[in-house]
Amino acid sequence: MPLEWKHSTEGVDWEELSALYRAAPLGEKPPLHLQKVFSNSMFTCFVYENAKLVAVGRALADGGDCSYICDVAVLPSHQGTGLGKQVVSDLVEMSSGHKKIILYAVPGKEPFYRKFGFMRMKTAMAIFKNQQQQVEGGYLSET
């Protein structure tokens, strides 16, 4: 089945996108929140099959110094097909003019992203709205 790739937020069904994140499963991301963050991202990638959203990703970027890839998700029915790899490759390519490309991923997925040349950062730090939940989820370490 042919896939349709879009790089614009025009015509996106934000409810459908929210459902994709729940199914992926990457948690609850409300439609209005998704509309805001995707609209504020320099690079976006939406993949459709028969008019159904099956994969997505975005990158926040400043046009020269830093591009930050996040929110890559693929429907479970399409996971393991190479589609996630294509989305990440697409976002890396769009970000190629930046001095650094940073990626935020689910703990345990690091081997997948190493295939693209990503390496673990020793200096990255973060403040989350719910710090303890992120520690418990393996996203943050107190050490």
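Preceding this section is the structure that the text describes.
To keep things clear, this report deals only with the structure shown in the data block. None of the values given here were measured: they were computed from a predicted structure.

Calculation criteria
Residues numbered from 1 in each chain as written. Predicted model: local features only at pLDDT ≥ 70, side-chain atom pairs only at ≥ 80, totals over all residues. Heavy atoms only, no water. Helix = DSSP H or I, 4+ residues; strand = E, 2+ residues; numbered from the N terminus. Rg over C-alpha atoms; globule rule 2.2 N^0.38 Å. Buried < 20%, exposed > 50% of the residue type's maximum accessible area, 1.4 Å probe, protein only. Contact = heavy atoms within 4.5 Å. Areas by Shrake-Rupley, 256 points an atom, 1.4 Å probe, with all protein chains shown as cover. Lys, Arg positive; Asp, Glu negative; His and termini not counted. Charge placed at Lys NZ, Arg CZ, Asp CG, Glu CD. Expected span 1.5 Å × (residues − 1). Arc of directions from axis to C-beta. Pairing = 2+ DSSP bridges.

**Regarding the overall build of the chain**
Then, in step 1: Looking only at helices and strands, one finds five helices and five strands in the chain.
Then, in step 2: Counting from the amino terminus, the chain carries its helices and strands in the arrangement β-α-α-β-β-β-α-β-α-α.
Then, in step 3: Taken against the 2.2 N^0.38 rule, which gives 15 Å for 143 residues, the C-alpha radius of gyration of the chain at 15 Å falls within 12% of a compact globule.
Then, in step 4: In terms of overall dimensions, the chain has C-alpha extents of about 45 × 35 × 30 Å along its principal axes.
Then, in step 5: For the chain, the residues scored as buried account for 32% of the 143 residues in total.
Then, in step 6: Expressed as a percentage of contacts within the chain between residues at least 6 apart in sequence, the contacts between residues at least 24 apart total 58%.
Then, in step 7: For the chain, the computed accessible surface area is about 9000 Å², with 53% contributed by carbon and sulfur atoms.
Then, in step 8: Computing the positive centroid from 15 side-chain charges and the negative centroid from 15, the chain places the two 7 Å apart.

**A word on helix 3 (residues 83-94)**
Then, in step 1: Helix length check: helix 3 (twelve residues) gives 17 Å between terminal C-alpha atoms against 16 Å at 1.5 Å per residue, within 8%.
Then, in step 2: Among the residues making up helix 3, those that are buried are Leu83, Gly84, Val87, Val88 and Leu91. Down the axis, helix 3 shows its buried residues gathered within 140° of arc, on one side only.

**Overview of unusual backbone geometry**
Then, in step 1: Omega for the peptide link from Ala24 to Pro25 comes to -15°, which places this bond in the cis form.
Then, in step 2: Mapped onto the elements of the fold, Pro25 is located in the loop between helix 1 (14-23) and helix 2 (31-39).
Then, in step 3: Notably, Ala51 is not glycine yet its phi reads approximately 70°, a positive angle.
Then, in step 4: Note on placement: Ala51 falls in the loop between strand 2 (43-49) and strand 3 (52-61).
Then, in step 5: Non-glycine residue Asp71 carries a positive phi angle of around 55°.
Then, in step 6: On the basis of relative accessibility, which here comes to 15%, the residue Asp71 falls in the buried class.

**Quick notes on the pairing of strand 3**
Then, in step 1: A large share of strand 3 lies buried, amounting to seven of its ten residues.
Then, in step 2: As paired strands, strand 2 and strand 3 are joined by seven bridges and run antiparallel to one another. In the sheet register, Val47 faces strand 3, and the bridge partner there is Ala55.
Then, in step 3: Adjacent in sequence and paired antiparallel, strand 2 and strand 3 are bridged by two residues, among which Asn50 carries a positive phi angle near 50°.
Then, in step 4: Taken together, the six bridges between strand 3 and strand 4 (residues 66-74) define a ladder with antiparallel strand orientation. Bridging from a neighbouring strand, Arg58 pairs with Cys70 of strand 4.
Then, in step 5: Between strand 3 and strand 4, which pair antiparallel one after the other, the connecting turn spans four residues, and Gly63 there sits at a positive phi close to 90°.

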